[in-house]
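# Close look at the chain arrangement
Below, each chain spelled out in residue letters.
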Amino acid sequence: MSKLDATRSRITGKKFNRQDPSVRRHGPMKKRQVYKLVIEKILNDAEDWMTAEQIAYEGKKYISPHWSPLSKIRVGTILRPYVAENRVKARKPLTTSPKEYKARKKRWHSKPQK
């Protein structure tokens, strides 16, 4: 057994149990997937239009304090493809005010990728 063999333990020589790619991966979800799910939950629960700053403030309640907090810039980046696909409505009431977002239908986010 070579030292660079990653399929076996260096100490015991036992073979590692590999993850089955057809099922959900072990461990926590990726940060971007969690952010998408949190933003979806907030927009689906909201009655009125919300700015990215308001979404980020509400999202901090659902995200681990060990992760970097959800920022308004990241919210806009995550929502941009959904606005292009017409899953989320976006408007800018005045030229100097920030964009506001609202969900079009209740389940606009696709299932998380494995």
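Residues numbered from 1 in each chain as written. Predicted model: local features only at pLDDT ≥ 70, side-chain atom pairs only at ≥ 80, totals over all residues. Heavy atoms only, no water.

Across its 13 residues, helix α3 (residues 72–84) extends 18 Å between first and last C-alpha, which sits within 8% of the 18 Å expected from 1.5 Å per residue. Residue Ile78 marks the point of greatest curvature in α3, where the axis turns by about 30°; the proline Pro81 follows within four residues. Those residues of α3 hidden inside the fold are in contact with α1 (31–45), α2 (52–59), β2 (88–91) and β3 (100–103). Positioned one or two residues after α3, Asn86 has a phi angle of 60°, which is positive. (Helix = DSSP H or I, 4+ residues; strand = E, 2+ residues; numbered from the N terminus. Expected span 1.5 Å × (residues − 1). Bend = angle between axes of the 7 residues up to and from the residue. Contact = heavy atoms within 4.5 Å.)

For an α-helix, the turn length of 3.6 residues means that residues three or four places apart are oriented alike. Listed as buried for α2 are Ala52, Ile55, Ala56 and Gly59. Taken around the axis of α2, the buried residues stretch over an arc of 100°, which confines them to a single face. Residues of α2 that are exposed and point more than 90 degrees away from the buried face comprise Glu53 and Tyr57. The inward-facing, buried residues of α2 contact α1, β1 (50–51), α3 and β3. (Buried < 20%, exposed > 50% of the residue type's maximum accessible area, 1.4 Å probe, protein only. Arc of directions from axis to C-beta.)

Viewed as axis vectors pointing N to C, α1 and α3 meet at an angle of 75°, and their least axial separation amounts to 11 Å. One finds that α1 runs roughly perpendicular with respect to α3. On α3, the residues that touch Lys31, Arg32, Tyr35, Lys36, Ile39 and Leu43 of α1 are Arg74, Val75, Thr77, Ile78, Leu79 and Tyr82. Class assignment of the residues belonging to the contact of α1 with α3 gives a composition of 7 nonpolar, 1 polar and 4 charged. (Axes fitted to C-alpha atoms, helices over the stretch in contact; angles between N-to-C directions. Parallel < 35°, antiparallel > 145°, perpendicular 65-115°, else oblique. Nonpolar A, V, L, I, M, F, W, Y, C, P; charged D, E, K, R; others polar.)

Moving on, we come to the pairing of β3. When β1 meets β3, the two strands line up antiparallel, connected through 2 bridges. Bridging across to β3, Met50 finds its partner in Tyr101. Pairing analysis gives 4 bridges linking β2 to β3, with the strands arranged antiparallel. Looking at β3, one finds that Ala90 is bridged to Tyr101. (Pairing = 2+ DSSP bridges.)

To continue, consider the environment of Trp67. By the element assignment, Trp67 lies in the loop between α2 and α3. Under the relative-accessibility criterion, Trp67 is labelled partly exposed at 27%. Between the C-alpha atom of Trp67 and that of Lys31, which follows or precedes it by 36 residues, the distance is 8.1 Å. Setting aside chain neighbours within four positions, we find Trp67 in contact with Met29, Lys31, Val34 and Tyr35.

Tracing the backbone shows Ser97 in the loop between β2 and β3. By relative accessible area, Ser97 is classed as buried at 16%. Looking at Ser97, its side chain comes within polar contact range of the main-chain nitrogen of Leu94, at 3.0 Å. (Polar contact = N/O pair within 3.5 Å; in protein donor to acceptor, adjacent residues only side chain to side chain.)

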